[in-house]
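Descriptive analysis of the structure
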Amino acid sequence: MIPGARLVLLGRQGAGKGTQCVRLSRHYVIPHISTGDMLRSAVKEGTEFGLKAKEIMDRGELVSDEIMGGVVDERLRSDDTHNRGYILDGFPRTVGQAELLAEITQHKPLDLVIDLVVPVDVVLERLAARRVCTDCATNYSVDNPPRYGWVCDNCGGEVVQRADDTPEAIQKRLDLYERETTPLIAYYQERGLLAEVDGLGSADDVTARLVDAIDERRRRSGASSPS
């Protein structure tokens, strides 16, 4: 069996992180932990935390490090992450969150942090066209819609434009990324954990590049599997 891994995938919104995380999750047989999905689930359920998060997300801002660190810490304590690892999507977003993650994972450190590189003009176009199922969060676009109207092919849910995919909210999120998340690149480079991977091209091509980067790290470290 292919060994597991403990991974973080970085990249601008619209870079294709969600699609590639699902593919890597299947390839390495590890859970895909999307903090965005966890937040949206809390919002949909109307929990106390979800209502607070919704107010912040609707403004196009980031949930506090303290809240996100607690959510991730709890998730990484689950049984399915212990033996084979996981892939984190959406956390960390700031150096402060990266320091929290280092504390959380100190006994089982990360294997690799990947920056999925896609130019700003490309992600702006992708995000403006993106549509998502309100029930299962499957992504579509105006160029690649569901087969029948705006009804999800996967679960039959309604497919809509996310409230935070308006042009104003998109630009605000990208500005936040440049200001707060870009310093993570230097943070992980200094620690020898970062690999940059070109995110342009077909989904299959990008997946192949990601797998090559992860397997190359495994070869260089001499690791066969997370321990």
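Look a little higher up for the structure.
Residues numbered from 1 in each chain as written. Predicted model: local features only at pLDDT ≥ 70, side-chain atom pairs only at ≥ 80, totals over all residues. Heavy atoms only, no water.

1. A look at the overall build of the chain
- A count of helices and strands for the chain gives nine helices and eight strands.
- Scaling as 2.2 N^0.38, a compact globule of 227 residues should have a C-alpha radius of gyration of about 17 Å, and the chain matches this with 17 Å.
- Once the C-alpha set of the chain is aligned to its principal axes, its extents read approximately 50 × 35 × 35 Å.
- Per-residue burial over the chain gives 44% buried out of 227 residues.
- The long-range share in the chain, meaning contacts at least 24 apart out of those at least 6 apart in sequence, stands at 71%.
- Carbon together with sulfur atoms contributes 50% to the accessible area of the chain, which is approximately 11,800 Å² in total.
- Here the chain carries 29 positive and 37 negative side-chain charges, and the mean point of each set is 3 Å from the other. (Helix = DSSP H or I, 4+ residues; strand = E, 2+ residues; numbered from the N terminus. Rg over C-alpha atoms; globule rule 2.2 N^0.38 Å. Buried < 20%, exposed > 50% of the residue type's maximum accessible area, 1.4 Å probe, protein only. Contact = heavy atoms within 4.5 Å. Areas by Shrake-Rupley, 256 points an atom, 1.4 Å probe, with all protein chains shown as cover. Lys, Arg positive; Asp, Glu negative; His and termini not counted. Charge placed at Lys NZ, Arg CZ, Asp CG, Glu CD.)

2. Some points on the sheet that holds strand β6 (residues 139–141)
- In space, the three strands of this open sheet follow the order β6-β5-β7, with antiparallel pairing throughout. The sheet is open, and its two edges are formed by β6 and β7 (159–160), each paired on a single side.
- By the bridge criterion, three bridges tie strand β5 (residues 130–133) to β6 in an arrangement that is antiparallel. Bridge pairing links arginine 130 to serine 141 in β6.
- This element, helix α6 (residues 120–129), spans β5 and β6 of the sheet and lies at about 45 degrees to β5. (Pairing = 2+ DSSP bridges. Axes fitted to C-alpha atoms, helices over the stretch in contact; angles between N-to-C directions.)

3. Focus on the side chain of threonine 94
- Residue placement: threonine 94 occurs in the loop between β3 (85–89) and α5 (95–104).
- Look at threonine 94 and you get buried, because its relative accessible area is 11%.

4. Comments concerning the environment of aspartate 79
- As for its position among the elements, aspartate 79 is in the loop between α4 (65–76) and β3.
- A sequence separation of 71 residues divides aspartate 79 from valine 8, and the C-alpha atoms of the two residues are 19 Å apart.

5. A word on the sheet that holds strand β2 (residues 32–34)
- Strand order in the open sheet made by the five strands is β2-β3-β1-β4-β8, with parallel pairing throughout. Two strands in the sheet have a free side with no partner beyond their single neighbour: β2 and β8 (194–198). The sheet shows a mean angle of 25 degrees between the axes of neighbouring strands, direction not considered.
- Sheet analysis places strand β4 (residues 112–117) next to β8, joined by five bridges and oriented parallel.

6. Some details on helix α7 (residues 167–181)
- End to end, α7 covers 20 Å across 15 residues, agreeing with the expected 21 Å (1.5 Å per residue, within 8%).
- Among the structural elements, β4, α6, β5 and α8 (183–190) are those in contact with the buried residues of α7. (Expected span 1.5 Å × (residues − 1).)

7. Focus: the side chain of aspartate 115
- Within the secondary structure, aspartate 115 sits in strand β4.
- Comment: no salt bridge for buried aspartate 115; closest opposite-charge side chain is arginine 12, at 7.1 Å.
- Setting aside chain neighbours within four positions, we find aspartate 115 in contact with Leu10, Gly11, Tyr177, Ile185, Leu194, Ala195, Glu196 and Val197. (Salt bridge = Lys/Arg side-chain N within 4 Å of Asp/Glu carboxyl O.)

8. Overview of the packing of α5 against α8
- For the pair α5 and α8, interaxial distance at closest approach is 9 Å and the crossing angle is 40 degrees. In contact with Val95, Ala98, Glu99, Leu101 and Ala102 of α5, α8 contributes Pro183, Leu184, Tyr187 and Tyr188.

9. Observations concerning the packing of aromatic side chains
- Overall, the coordinates contain one aromatic pair when judged by the stated rule.
- Consider the rings of tyrosine 187 and tyrosine 188, whose centres lie 5.0 Å apart with planes at 90 degrees: the pair is edge-to-face.
- We note arginine 191 situated over the ring of tyrosine 187; from NZ or CZ to the ring centre the distance is 3.6 Å. (Phe/Tyr/Trp six-rings, centres within 6.5 Å; stacked < 30°, edge-to-face > 60°. Lys NZ or Arg CZ within 6 Å of the ring centre and 35° of its normal.)

10. Comments concerning the pattern of salt bridges
- Overall, the coordinates contain 11 salt bridges when judged by the stated rule.
- Its salt-bridge partner being glutamate 55, residue arginine 59 comes within 3.4 Å of it at the nearest N-O pair.
- Using a relative accessible area of 53% as the deciding quantity, one classes glutamate 55 as exposed.
- Linking glutamate 216 and arginine 219 is a salt bridge whose minimum nitrogen-to-oxygen distance equals 3.0 Å. With glutamate 216 and arginine 219 both in helix α9 (residues 203–221) and three residues apart, the pair spans about one turn of that helix.
- For glutamate 216, a relative accessible area of 33% corresponds to the partly exposed category.

Remember, this is a structural readout, not a statement about activity or role.
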